[in-house]
Structure formats: structure tokens, C-alpha cells
Amino acid sequence: MKNNKPTTKIIAGKYKGKVLELPSLDVTRSSKARLKESLFNVLQFDIIDKIFIESFAGSGSIGLEAISRDAKKAYFVELDKNSYRCLTSNCKSVEPEKCQTFFGDTFSQTPAILDSLKNSEDEIVLYVDPPFDYREGMEEIYEKSFDMIRNIENENIYLIVIEHVSTLEIPETLGKFTLQRTKKFGKSSLSYFESSEA
């Protein structure tokens, strides 16, 4: 029987080539391979021993890529039931003891995770990838994401990466974080923020 389920693969690291299940693509769009590759080319060895938090995680392919490249631990937040099922199954198939999944709203779960890590010695990479679809009521999702970042008090943030629609105008600063660069991949872009207090 042919399996038409959408999948993606881990690009590099100790789980290179591992197939991950994707939720139905009408709910989440998988972060394109080129974009994912570029992100990890930027992070390179800086991901080693960092904590990786993936908000709006979908299948978890970005955080699991981080685990494959020796991130210390990954936290995933996902609200959609079907996506969450894929996420937990993918985590189980990679390295469950390094993955912590949260089913629920990113805007309450992510700040709670960050809060729990406030006194941690570990540095954090936060990846925020709000849904692209402009369904009714979705217009605010970027603004809400920006506000969530503005309110971060952690001193141990190494980097914040926002994946967003390329047409979006990204603020130069979000709270204590300053935009370092934006890289465009067709319709999607990655914007990198670092703490201006560093």
C-alpha cells in the first residue's frame, strides 16, 4: 500500500536522513529545506548544548533538527491536535528524553517555558513561526508574537529567530532584542534578533 502522508527529513547531524511525519499541509506548512538549511548554517556549532524552543511547532522538524545537531534539549508548543499528534510521534522516534512537548496556546505556554528557564545556566534559542494563513482573526498573530518577545525578561536568550511572510515589516527592536538581519526565501523569511544588552 502506498503511503501518501507528507514527510520531511532531518538534514544533518546524528539523525541525518531520519524521516519525520508532517501534519496535513493545509494546517501547517513545513519549513522549507532551504530555509531550514540556512538557519542551521547560521547557528552551526552554536546550537550545541543550547536549549531550543519551537513555538507553533507543527511537526517539530526545526527543533528535532536542533536535537540532531546536539542541542541539549528542545521544547515544542503546538495547538492543533493533528499537528500535536505528529509532533509527539516524531519526538518519540528521535530522542524523547531530550524533547518536551506542550499542547496549547503558544502565547501562554512559551512565556511559561521561558519563565521556568530564567535561572538556567543554559542559553536559549527561541524559534517563532506563526501560521501564515490570513484566516479571519489571524492578522494579529504577528503582533501578538512581537508582544510575546517584547515581554521576555530572560537574560539567557542567545538568539530569537522569527519565520515570517516576506512581505511583513519587521520591527528593528522588540523589547531588549535588536534585529540583526533578515534572510529571504521566496515567500518566507527568517529574521534574527539578539539581545541588545549583551
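As the structure is a prediction and not an experimental result, all values here were calculated from the model. (Residues numbered from 1 in each chain as written. Predicted model: local features only at pLDDT ≥ 70, side-chain atom pairs only at ≥ 80, totals over all residues. Heavy atoms only, no water.)

S.K.: How should I be thinking about the packing of helix H1 (residues 33-43) against helix H2 (residues 61-68) in this particular structure?
M.R.: When two helices pack together, their arrangement is given by the angle between their axes and by how far apart the axes lie. Orientation of H1 relative to H2, taken along the N-to-C sense of each, is 40°, at an axis distance of 11 Å. By the criterion of interaxial angle, the relationship of H1 to H2 is oblique. By crossing handedness, the relation of H1 to H2 is classed as right-handed. Of the residues in H2, those touching H1 at Lys36, Leu39 and Phe40 are Ser61, Ile62, Glu65 and Ala66. (Axes fitted to C-alpha atoms, helices over the stretch in contact; angles between N-to-C directions. Helix = DSSP H or I, 4+ residues; strand = E, 2+ residues; numbered from the N terminus. Parallel < 35°, antiparallel > 145°, perpendicular 65-115°, else oblique. Left-handed = near helix turned anticlockwise from the far one by under 90°. Contact = heavy atoms within 4.5 Å.)

S.K.: It is not clear to me how unusual backbone geometry should be interpreted in this structure. Could you clarify?
M.R.: Both trends apply: most residues other than glycine have a negative phi, and most peptide bonds are in trans. Phi is positive for aspartate 49, which is not a glycine, with a value near 65°. Within the secondary structure layout, aspartate 49 lies in the loop between H1 and strand S3 (51-55). Of note, aspartate 70 is a non-glycine position whose phi angle comes to about 75°, a positive value. Relative to the helices and strands, aspartate 70 resides in the loop between H2 and strand S4 (73-78).

Keep in mind that these numbers describe shape and distance, not what the molecule does.
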